Amino acid sequence: MFQGIPFAPFIRFSTHSYWVSQLLACRTKMLVREFTKSMKLKELRNTRPPKALKKYSQDEYQVIWIGDYWDAPMTGILQIATQFFWFELIKENWTQDDWFRRYAIVELSTEQLEREWQVHEDFQRYVGIHWDVNMVKPPPVFVANKQDIFYETHLTYINSNPFENNEVVGWFER
């Protein structure tokens, strides 16, 4: 078809190059998707989240309760639409020109979320409701002067970093 036309090899090459570039672009997108889909909390610490991982703005999520606090929330539960997620501080920068706290949003299994609700309800029962930001349901009846029950029961679990291998679904900064 292109006989006698001097640029025929160029057309074949450029068509071939186009399809190769499309194949590479598709493969790159798949790799990025696979990378972010399988990104675990422990892999995201002290690194910049990949561009493919969604950054949430404050109007897209609502903090339900704070699980740990040191000059600012470090962990807790937040809600996006109708779903609950764990959030955890993964990096903070204290330089004056570039101050931020970066948090990972972590997907929990049904069992993990149920456990978090149980631990939190015990916190409300024996310690208080001072870390509740947006209550989803009424707290249990408070039992005064029994904080030790909560810490004796749950401290090992709380300190175990139970979500290190969970998938990160997004992030935010404050």
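Data block above holds the structure.
J.: I keep staring at the layout of surface pockets and nothing clicks. Help me out?
T.: By rolling a water-sized probe across the atoms, one finds the places where empty space is left. When its volume is computed, the largest pocket comes out at roughly 550 Å³. Around the largest pocket, the lining is made up of 27 residues, and of these Gly67, Asp68, Thr75, Trp86 and Ile158 lie nearest the centre. If you list the elements that add at least two residues to the lining of the largest pocket, you get strand S1 (62–69), strand S2 (73–80), strand S3 (83–93), helix H3 (110–126) and helix H4 (147–158). Here the lining of the largest pocket is composed, by residue class, of 17 nonpolar, six polar and four charged.

J.: I tried to follow the pairing of S1 on my own but got confused; where do I start?
T.: Each regular strand displays side chains that alternate between the two surfaces of the sheet. Bridge count between S1 and S2: six bridges; the pairing is antiparallel. Its bridge partner lying in S2, Tyr69 is registered against Pro73. What sits between S1 and S2 in their antiparallel hairpin is a turn of three residues, with Asp71 showing a positive phi close to 65°.

J.: I would appreciate a short explanation of empty space enclosed by the protein in the present structure.
T.: In total, this model carries one cavity of 30 Å³ or more according to the counting rule given. Taken as a whole, the largest cavity encloses approximately 60 Å³ of empty space. Along its surface, the largest cavity is lined by Ile64, Trp65, Trp117, His120, Glu121, Gln124, Asp132, Met135, Val136, Lys137, Pro138 and Pro139. The dominant element in the lining of the largest cavity, judged by the number of residues it contributes, is H3, at four residues. For the lining of the largest cavity, a count of residues per class yields seven nonpolar, two polar and three charged.

J.: It is not clear to me how a nonpolar patch on the surface should be interpreted in this structure. Could you clarify?
T.: The grouping of Tyr151, Leu155 and Ile158 at the surface amounts to a nonpolar patch, some 250 Å² of accessible area in total. For Leu155, the position within the fold is in helix H4.

Conventions and cut-offs
- Residues numbered from 1 in each chain as written.
- Predicted model: local features only at pLDDT ≥ 70, side-chain atom pairs only at ≥ 80, totals over all residues.
- Heavy atoms only, no water.
- 1 Å grid on protein atoms, 1.4 Å probe; cavity = no way out; pocket = protein on both sides within 12 Å on 5 of 7 lines; lining within 4 Å.
- Points joined across faces, edges and corners; volume = space filled by probe spheres on them.
- Helix = DSSP H or I, 4+ residues; strand = E, 2+ residues; numbered from the N terminus.
- Nonpolar A, V, L, I, M, F, W, Y, C, P; charged D, E, K, R; others polar.
- Pairing = 2+ DSSP bridges.
- Patch = residues over 30% accessible without salt bridge, like charges linked within 9 Å, V, L, I, M, F, W, Y side chains within 5 Å.
- Areas by Shrake-Rupley, 256 points an atom, 1.4 Å probe, with all protein chains shown as cover.
- Salt bridge = Lys/Arg side-chain N within 4 Å of Asp/Glu carboxyl O.

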